[in-house]
Amino acid sequence: MMTLISLIAGVLTAQLVEDMGIQLMLNKLQNEDYYDRQTEDCLNCLQGFIEENQVTQENIELLASWAQMEKNVYVVFYQDVDALFSTTTIPIEEDAEIALNGSGLPYYDVTLSDGTLIKAELECYMDNQMFYLVDLAAELKEKKKNGVLTKEMHQGKNAALIFEKTSTRTRCSFEVAAHDLGMGTVYLEPSSSQIGKKESIEDTARVLGRMFEGIEYRGFEQEIVEELAKYAGVPVWNGLTNEFHPTQMLADILTIREKLGRIQGVKLTYMGDARYNMGNSLMVTCAKLGMHFTACTTSKYFPEEGLVKQCREIAAGTGGTITLTEDVAEGTKDADVIYTDVWVSMGEPAEVWEERIKDLSPYQVNAKVMANAKETAIFMHCLPAFHDLNTRTGKEISRRFGITEMEVTDEVFESPQSVVFDEAENRMHTIKAVMAATL
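Residues numbered from 1 in each chain as written. Predicted model: local features only at pLDDT ≥ 70, side-chain atom pairs only at ≥ 80, totals over all residues. Heavy atoms only, no water.

What to know about the overall build of the protein chain
Scanning the protein chain for helices and strands turns up 16 helices and 15 strands. A total of 439 residues make up the protein chain; the buried ones form 52% of that total. The contacts of the protein chain with a sequence gap of at least 6 include a subset with a gap of at least 24, amounting to 71%. (Helix = DSSP H or I, 4+ residues; strand = E, 2+ residues; numbered from the N terminus. Buried < 20%, exposed > 50% of the residue type's maximum accessible area, 1.4 Å probe, protein only. Contact = heavy atoms within 4.5 Å.)

And the structure:
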C-alpha cells in the first residue's frame, strides 16, 4: 500500500515539500502490521530530521536504507508524481471538493518551486487503516484465487470464536480465514461456555488470552467486546454487536471498490431501520471515508442524534456528507449504492414484526427504487434476506402478515444489480486481512 505522508499529522508541510522539490512516500511491505514499532520509529526519525531542519536527500536515503533492512517500511522520493496515479491532476482550493488519487484517497494539489504539480494527501482526516485492510484483503483474495497458499503467515496460532448470536457468514469467514492462515479455531456458543454466567467477561478474557492468540466476539452489547479487549492481552475482533458491525464494513468497502472503482464520493443510501449496527456502521464508515451517506426511513428509525452529530463532524473533514430523509424519491435519487437489511435485528422478540412491517414497508427496495438510483447503481445486503418464501421464517412471515417479500423484492435481489454474494464472499477475505494484520 502506497501512502503519501506529506501532510500526515503535520509531519511535513506543503512549504517543506515545495522547498525540497520531492515527494515522500511510505510503502508497506509484505503484509506487515500498519502501525508497528518499526513504522513508528521510521516516522519518528523522519520527524526528527524535519524538526532539526535536516531534511536532505542524503538523510532520506539513509532512512530508506535503514527501514528496508528492517524488512518493514521504506521511504522513497518521487519527482514525477503523475506517473504514480491514474487520475488527472486538477488544481483545487482548500475549501473546494477534495480530489482523488488512484488509491481512492483524497489530496490537495501543491505546486513546487520548479512548477511541478504534486498531490499532498490528507491522511490526517482519512481512516487509512481501513484502506490498508481493504488493500490487504484484495491481495489475499487474489492469492486464494490463484491457489497461492498463505498458511505460513500464522501457522501454529489459534483463535477463540465466541458466538452469542449465531451466524453463517461470520462463522464460516473466520474459520476459513483462520485455516487459510495456518491457524486453528475453537467455536464457543452460549451453551458450551460459562461466559457471563458463572464467569465474568473480565475473567473469561484473561483465561482465553492465555490460550489463544486472538479472540472473536459476536453478540450483544458493545461493552462486552470492549471489556474482552481490555483484559485479554491479545487481539479481539468484533464479529457484530448491537451497536456496530465493523467486519461487514470492510467487506462492503472492498465490494464497492471492486464494482464501482472508487470509494470517496460514492453516494450510499441505507433503507430500513437505521438505528442499530448496520445503520450505525455504514454511517460511521461513510463519514470516515469521504462518502455520502443517506438514511432513508421514517424519522422513528433514524440513527441516534449524538452519533449523527459526530459523523457529520468527521465527514466535514473528509468531503463526505450525512443526510437523513423520509422521502424515498429524494433519498434514492442518483444513489450509487442502495443498501438494506432485515427489519428485525437478531434477538428482538417476534412481537415487533408487525410494527416494523407497517412502519417500513414504504422503504422496501424494489424496482422503482433502483430505477431512481443511478443506472450503474448496485444493490447490497449483509444477509440473510427475506426476499422469498424459501425459508421457514419467510413462510411464517407470509402466514402471519400476508406478504411474500419484505425489505427487498426477489426481483431486485436476483437482478444483475445485486452484488450480495460478492459481498458475502468478501467477508472471508476481509476478515482474513484483519487477522493477518493484527496477529
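Some points on the packing of aromatic side chains
Under the defined criterion, the tally for this structure stands at five aromatic pairs. Ring centres 6.0 Å apart and planes at 45° place the aromatic pair Tyr270 and Tyr339 in the tilted group. On the criterion of sequence distance, the pair formed by Tyr270 in strand β11 (residues 267–271) and Tyr339 in strand β14 (residues 337–340) is long-range, its members being 69 residues apart. Sitting over the face of the ring of Tyr187, Arg171 holds its NZ or CZ atom 3.6 Å from the ring centroid. (Phe/Tyr/Trp six-rings, centres within 6.5 Å; stacked < 30°, edge-to-face > 60°. Lys NZ or Arg CZ within 6 Å of the ring centre and 35° of its normal.)

Observations regarding the sheet that holds strand β13 (residues 321–325)
The sheet built from five strands is open, its strands ordered β13-β12-β11-β14-β15 with parallel pairing. Of all the strands in the sheet, just β13 and β15 (378–381) have a single pairing partner and so form its edges. Between one strand and the next, the sheet's axes are offset by a mean angle of 20°, whatever the strand orientation. Here four bridges tie β11 to β14, and the two strands are oriented parallel to one another. (Pairing = 2+ DSSP bridges. Axes fitted to C-alpha atoms, helices over the stretch in contact; angles between N-to-C directions.)

Description of the pairing of strand β8 (residues 184–188)
Alignment of strand β7 (residues 158–163) against β8, held across five bridges, turns out to be parallel. Bridge pairing in β8 links Ile162 to Leu188. For the crossover from β7 across helix α5 (residues 169–180) to β8, the handedness is right-handed. (Right-handed = clockwise from strand over helix to strand, strands pointing away.)

Quick word on the sheet that holds strand β9 (residues 214–218)
The parallel open sheet is built from four strands, whose spatial order is β8-β7-β9-β10. For this open sheet the edge positions go to β8 and β10 (236–240), each flanked by a neighbour on one side alone. Here the strands of the sheet are splayed against their neighbours by 20° on average, with no regard to which way each runs. Contacts from α5 reach β7, β8, β9 and β10, with the element oriented near 155° to β8. Sitting on the sheet, helix α7 (residues 222–232) is in contact with β7, β9 and β10, with an inclination near 165° to β10.

Section: the pairing of strand β12 (residues 292–296)
The buried fraction of β12 amounts to four of the five residues, a majority that puts the element mostly inside the structure. For the handedness criterion, the β-α-β arrangement of β11, helix α9 (residues 277–288) and β12 is classed as right-handed. Both β12 and β13 contribute to a ladder of five bridges, which runs parallel. Bridge pairing links Ala295 to Leu324 in β13. The handedness of the β12 to β13 crossover, carried by helix α10 (residues 305–318), is right-handed.

Some details on unusual backbone geometry
Negative phi values dominate among residues other than glycine, just as trans dominates among peptide bonds. Here the residue pair Leu383 and Pro384 is connected by a cis peptide bond, since its omega of 0° sits within 30 degrees of zero. Inspection of the secondary structure assignment puts Pro384 in the loop between β15 and α14 (392–401). One non-glycine residue, Leu240, lies in the positive phi region at around 155°. Its place among the elements puts Leu240 in strand β10. One non-glycine residue, Leu383, lies in the positive phi region at around 65°. Here Leu383 shows up in the loop between β15 and α14. Looking at Leu383, the relative accessible area reads 13%, which means it is buried.

Considering the pattern of salt bridges
A side chain with one charge can pair with a side chain of the opposite charge if their charged atoms come near. The tally for this structure, following the rule as stated, stands at 17 salt bridges. As a salt-bridge pair, Lys143 and Glu139 come within 3.6 Å of each other at their nearest N and O atoms. Here Glu139 and Lys143 lie together in helix α4 (residues 128–145), a separation of four residues that amounts to about one turn. Taking the relative accessible area as the measure of exposure, Lys143 reaches 25% and is therefore partly exposed. With a relative accessible area of 35%, Glu139 lands in the partly exposed category. Across the salt bridge formed by Lys374 and Asp336, the nearest N and O atoms sit 3.0 Å from each other. Placement of Lys374 in the loop between α13 (367–372) and β15 and of Asp336 in the loop between α11 (328–332) and β14 is noted, with a sequence separation of 38 residues between them. (Salt bridge = Lys/Arg side-chain N within 4 Å of Asp/Glu carboxyl O.)

A short note on the nonpolar core
Counting residues in hydrophobic clusters, the biggest one holds 56 residues, and the most contacted among them are Ile256, Leu268, Met291, Phe293 and Met435. Sort the elements by how many residues they give to this core and α4 lands first, with eight residues. Leave out the neighbours within four places in its chain, and Ile256 touches Gly261, Arg262, Ile263, Val266, Leu268, Met291, Val337, Ile378 and Met380. (Core = buried A, V, L, I, M, F, W, Y, C linked by side-chain atoms within 4.5 Å.)

Let's talk about the side chain of Ser398
Here Ser398 is to be found in helix α14. In this structure the side chain of Ser398 is engaged in a polar contact, spanning 3.3 Å, whose partner is the backbone oxygen of Ile403. When near neighbours in sequence (up to four residues on either side) are disregarded, Ser398 contacts Leu389 and Ile403. (Polar contact = N/O pair within 3.5 Å; in protein donor to acceptor, adjacent residues only side chain to side chain.)

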